[in-house]
Structures are given as structure tokens and as C-alpha cells.
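Read off the chains here:
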Amino acid sequence: MQGGARIVQMQEADIDAVATLEAEVSPAPWRAGIFRDCLRAEYECWVLQAEEVFGYAIFSLGPGEAHLLNIAISPARQRQGFARQLLTKVASIARVHGVERILLEVRPSNLRARAIYEKAGFEFLSRRKKYYGPPKKEDAFVYTLAL
Ligand SMILES: CC(C)(COP(=O)(O)OP(=O)(O)OC[C@H]1O[C@@H](n2cnc3c(N)ncnc32)[C@H](O)[C@@H]1OP(=O)(O)O)[C@@H](O)C(=O)NCCC(=O)NCCS
């Protein structure tokens, strides 16, 4: 991967960096405690790391289905294909666990993320009314990728 970057499992020690990045990129950021809960619940929590953590993906694995809960790349490292690489990692882990599809929710206004998901093969499945709360209330689009 370019620049010595690698995808590794998130550790408790990464949480501050992850929460700082989340606050930079999300309109309704998860606090550090949510990331900690995800780790303790043994969700799949992965970070992109070079000298520092600059991206992450969190997903849960259920019977037949994975649910992508959060994904982000540091603004300075966006548009270099890193989200695509994280999505590839998510799909490969999901496949190993016998999962048949990945689901995710995305804000309809997040054209960037939607374009990336569509390029990665995700398809629009449905609309969830009033899914996102304040400060930016919005419906969600549900996308799915068949594995
Ligand atoms: C969404 C996000 C994760 C994308 O990260 P990224 O590393 O910039 O994405 P990538 O560089 O991997 O882009 C993947 C592909 O989408 C394409 N793409 C990116 N933006 C695009 C746009 N606005 N329109 C069309 N295609 C676009 C890229 O060209 C790339 O395709 P290519 O590899 O064939 O060139 C990043 O913008 C981010 O962290 N946003 C804030 C958090 C967020 O919105 N997360 C998603 C919540 S659902």
C-alpha cells in the first residue's frame, strides 16, 4: 500500500486519534466512548496507519449479513483510494465469515460517499425516514453489496 500504510486492527490506544479524526469529518461525530464500546463489543474495528492513524472502518458481522457502521479517511489523505482499500478489506473479512451481503446507511447529501460506494458495487436498497438526528436531520439511504 502506498506510503507504508497498512490496515490493522484498532487498539484502545488508537481511540483518541480515531475520535479526533471523526470530529473532523462527521456532522454528528461519534465520541471516543462509542469507539471504545465497539471494540469491547468485538465489532470489526480496523484502522489505516502510516506514521499516524488516518482512517478507520467499523462493521458488525451477523448471520449472513455485515453492517458497515462507520468509515472515514483523514481529509489530507482523501481521494487517494484509501476508502476503496478499506472497503475491499471489509468485504474480504465478511466473505471469510460466510456473509452474503454488506449493508450500510449513508446521508443522501453525502454525494462523495455515495459515489464511492456505487463505484465499489453497492446498490441502493431503500430509504430510512428520519434516520439521522440533530444537528443535521436527514433520511438515510440504505445500500447493499452482494458478496
Ligand atoms: C467518504 C470517504 C471515506 C472517501 O474516502 P477517500 O479515501 O477519499 O475515497 P477513495 O479515494 O477511496 O475514492 C474511491 C473512488 O471514488 C471516487 N470518487 C471520490 N469522490 C468522488 C466523487 N465526488 N464523485 C465521483 N467519484 C468519486 C474516486 O475517484 C475513487 O475512484 P477511483 O479509485 O476509481 O479513482 C471520505 O471522503 C471521508 O472520510 N468522508 C467523511 C466521512 C464520511 O462521509 N464517511 C462515510 C459515511 S457513510
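I will try to describe carefully the structure that is included in this document. Just so it is clear, the model here is predicted, and its values are computed rather than measured.

**So, the overall build of the protein**
Argument step 1. The number of helices and strands found in the protein is four helices and seven strands.
Argument step 2. For the protein, the succession of helices and strands along the chain, N to C, is β-α-α-β-β-β-α-β-α-β-β.
Argument step 3. Taking 147 residues into account, the globule formula puts the C-alpha radius of gyration at 15 Å, and the protein, at 15 Å, falls close to it.
Argument step 4. Over its C-alpha atoms, taken along the principal directions, the protein stretches across nearly 40 × 35 × 30 Å.
Argument step 5. Each of the 147 residues in the protein was classed as buried or not, and the buried ones make up 27%.

**What about the sheet that holds strand E7 (residues 138-146)?**
Strand pairs in the sheet, formed through backbone hydrogen bonds, run parallel or antiparallel to each other.
Argument step 1. In spatial order, the strands read E1-E2-E3-E4-E5-E7-E6; together these seven strands make up an open sheet with mixed pairing. A strand with exactly one partner marks an edge of an open sheet, and here the two such strands are strand E1 (6-9) and strand E6 (123-132). Along the sheet, successive strands turn relative to each other by an average axial angle of 25 degrees, direction set aside.
Argument step 2. Across eight bridges, the pairing between strand E3 (residues 53-62) and strand E4 (residues 65-73) is antiparallel. Note on E4: the bridge partner recorded for Gly-62 is Glu-65.
Argument step 3. Seen against the sheet, helix H3 (residues 82-96) touches E1, strand E2 (44-49), E3, E4, strand E5 (101-106) and E7 and runs at an angle of roughly 160 degrees to E4.

**Considerations on the pairing of E6**
Argument step 1. The buried fraction of E6 amounts to zero of the ten residues, a small share that puts the element mostly on the outside.
Argument step 2. Here E6 hands over to E7 after five residues, the two strands then running antiparallel side by side.

Thresholds, definitions, all that
Residues numbered from 1 in each chain as written. Predicted model: local features only at pLDDT ≥ 70, side-chain atom pairs only at ≥ 80, totals over all residues. Helix = DSSP H or I, 4+ residues; strand = E, 2+ residues; numbered from the N terminus. Rg over C-alpha atoms; globule rule 2.2 N^0.38 Å. Buried ≥ 20, exposed ≤ 12 C-beta atoms within 10 Å, placed from the backbone. Pairing = 2+ DSSP bridges. Axes fitted to C-alpha atoms, helices over the stretch in contact; angles between N-to-C directions. Contact = placed C-beta atoms within 7 Å.

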